[in-house]
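Fold and geometry: a report
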Amino acid sequence: MVCFYHLKGGGIMYIDTHTKETMEKSICSYLGVTLQDLSVLFNLAGNEAQQDKFLDGDKLNDIFNSFIKAHMPNKELDEVLFFHLSRRLNTASDCNVGNNLFELLSTENAMTLFLKEHDVEFVVCDKHLNLIYKGKEISLDDTNKEHIPYLRWRLGHNANRIDFCINGFLLKDLLYRNSYARELYDVPEFIGVLATFLKRRDIGTDYFDNSKYYCFEYCLPLAKVMFDEKDSLAEEQKVKYLLNQILNRLYEYHTHDIRYMFDHENPIIRLTDNDAMDEQYYISQEEITWDMLG
């Protein structure tokens, strides 16, 4: 899907973050400004925030936030595009939903069937998952042993530190230049660690050989999404923070040659640990090849 904005009752619901051009058109339309206004803003911000040989990021954000406040309309902005990177098994090619890790490992699906074929199962125990290998439970108590702290974290064994959530990125424009996108080309981090821990390299190689790497695009309510570094923002604050991050990316285009730009500052967004990405939010998927990763 490529559109500059999504209309609902005459109001823009989300900013299109596919490309520099769609971001410019969306944010200009939403804030009621022109490309010339953005150019003036970026020149002013650069002059004010430049301190000798470095750029004062706090000053830059203050200027952008003042601009947003001065032009903030009454129109709704209550949805967000969510770009999720995932290497999916070919047997799950018709599945467009995104399950959190707890659900993925505790229900029957392509992933659990694949793992079962490799002697691995997970069973629910209270609010965490236990690892079963070749019919026997594998203890994860020895936190001094390599990979056990990671597995305890991902399987919910530490009540105060759980990570089952589905995450993604706010911006698509430079996503394939992101170092994380290249890292995920191989196998999912969890599968890689599990294979190494069990000394079953074939789990990783079989997964890679029987899967494809995708960027899944979703559009969902902003209320369901948290920003990774700003997970306590209220709804109104989320909108302003989202606009600020887009202005930061557009400022980078204003001051840099795209040939030398990378995706270092793409905001990571996520759902809560017990939430799932429902089919109703699915927009499209794109297979990612190694040649596409800059």
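Residues numbered from 1 in each chain as written. Predicted model: local features only at pLDDT ≥ 70, side-chain atom pairs only at ≥ 80, totals over all residues. Heavy atoms only, no water.

1. Here's the deal with the sheet that holds strand 7 (residues 128-133)
- Across the sheet, three strands lie side by side as 6-7-8; this open sheet has antiparallel pairing. Two strands lie at the open edges of the sheet, namely strand 6 (120-125) and strand 8 (136-137), each paired on one side alone.
- In the sheet, strand 7 pairs with strand 8 via two bridges, with the strands oriented antiparallel. From the neighbouring strand, isoleucine 132 faces strand 8, where its bridge partner is glutamate 137. (Pairing = 2+ DSSP bridges. Helix = DSSP H or I, 4+ residues; strand = E, 2+ residues; numbered from the N terminus.)

2. A short note on the layout of surface pockets
- By volume, the largest pocket amounts to about 990 Å³.
- His84, Leu101, Leu104, Arg154 and Cys165 are the residues nearest the centre of the largest pocket, which is lined by 40 residues in total.
- For the lining of the largest pocket, the element with the most residues is strand 5 (residues 79-89), which contributes seven residues.
- Counted by class, the lining of the largest pocket contains 24 nonpolar, eight polar and eight charged residues.
- Each pocket or cavity is described by its volume, and for the second largest pocket that value is around 530 Å³.
- Lining the second largest pocket are 24 residues, with Gln245, Asn248, His264, Glu265 and Asn266 positioned closest to its centre.
- When residues of the lining of the second largest pocket are assigned to their parent elements, the largest contribution, seven residues, is made by helix 10 (residues 235-255).
- Partitioning the lining of the second largest pocket into residue classes produces ten nonpolar, seven polar and seven charged. (1 Å grid on protein atoms, 1.4 Å probe; cavity = no way out; pocket = protein on both sides within 12 Å on 5 of 7 lines; lining within 4 Å. Points joined across faces, edges and corners; volume = space filled by probe spheres on them. Nonpolar A, V, L, I, M, F, W, Y, C, P; charged D, E, K, R; others polar.)

3. Describing the packing of aromatic side chains
- This structure, assessed with the given rule, holds 15 aromatic pairs.
- Ring geometry for phenylalanine 64 and tyrosine 251: centres 6.0 Å apart, planes at 65°, overall edge-to-face. Here phenylalanine 64, found in helix 3 (residues 57-71), pairs with tyrosine 251, found in helix 10; they are 187 residues apart in sequence, far enough to count as distant. Summarising the burial analysis for this pair, phenylalanine 64 and tyrosine 251 share the class buried.
- Through a chain of ring-to-ring contacts, the aromatic side chains of Tyr185, Phe208, Tyr213 and Trp290 assemble into a single cluster.
- Directly above the aromatic system of tyrosine 185 lies the positively charged group of arginine 87, at a separation of 5.0 Å from the ring centroid.
- Over the ring of phenylalanine 216 we find arginine 88, and its NZ or CZ is 4.2 Å from the ring centre. (Phe/Tyr/Trp six-rings, centres within 6.5 Å; stacked < 30°, edge-to-face > 60°. Buried < 20%, exposed > 50% of the residue type's maximum accessible area, 1.4 Å probe, protein only. Lys NZ or Arg CZ within 6 Å of the ring centre and 35° of its normal.)

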